[in-house]
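Structural features, examined
Below are the chains, spelled out letter by letter.
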Amino acid sequence: HECPGAFGAISFMPTFHAACRKELWAPERALPPTAQLDPSQQFAKKLIYMRFFGLLAVRGLIHGHAIWIVSQDLLMLGAPETVFPSQNDVECSCELLSVA
């Protein structure tokens, strides 16, 4: 999926990937102190992104394998047995899988 731009064609997927990575996995300390969100706001924002991501997969705009990768990351499936995902991450993964 490409869009014409002033500097040539712009691919949608790398741009989308970079935006999601910045919003979902950027360190919280990168935000200025006035822009810090409380934990409930962070969780609500993450749920919205998971719904959006799932809807993109349903419409075929992203590959279904991307859903698996995000869920795997949220559920920490490659982590040692002593590390567990947070309740919010489990809920986000469930939301993503229920939409997709």
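Figured I'd write up the structure that's included with this text. (Residues numbered from 1 in each chain as written. Predicted model: local features only at pLDDT ≥ 70, side-chain atom pairs only at ≥ 80, totals over all residues. Heavy atoms only, no water.)

1. So, the overall build of the protein
The helix and strand inventory of the protein stands at 4 helices and 2 strands. The helix and strand sequence of the protein, counted from the amino end, reads β-β-α-α-α-α. For the protein, the proportion of contacts with a sequence separation of at least 24, taken over those separated by at least 6, is 54%. Looking at the protein as shown, the accessible area adds up to about 7,100 Å², and 64% of this sits on carbon and sulfur atoms. (Helix = DSSP H or I, 4+ residues; strand = E, 2+ residues; numbered from the N terminus. Contact = heavy atoms within 4.5 Å. Areas by Shrake-Rupley, 256 points an atom, 1.4 Å probe, with all protein chains shown as cover.)

2. Concerning the packing of helix α3 (residues 64-75) against helix α4 (residues 87-99)
Direction vectors running N to C along α3 and α4 enclose 165°, while the axes themselves pass 8 Å from each other. Classified by the angle their axes make, α3 and α4 are roughly antiparallel. The handedness of the crossing between α3 and α4 is left-handed. Contacts between α3 and α4 involve I67, V70, S71, L74 and L75 from the first element and D89, V90, C92, S93, L96 and L97 from the second. For the contact of α3 with α4, the class distribution of residues is 8 nonpolar, 2 polar and 1 charged. (Axes fitted to C-alpha atoms, helices over the stretch in contact; angles between N-to-C directions. Parallel < 35°, antiparallel > 145°, perpendicular 65-115°, else oblique. Left-handed = near helix turned anticlockwise from the far one by under 90°. Nonpolar A, V, L, I, M, F, W, Y, C, P; charged D, E, K, R; others polar.)

3. Side note on the side chain of S71
Turning to its location among the elements, S71 is positioned in helix α3. Overall, S71 belongs to the buried group, its relative accessible area being 2%. (Buried < 20%, exposed > 50% of the residue type's maximum accessible area, 1.4 Å probe, protein only.)

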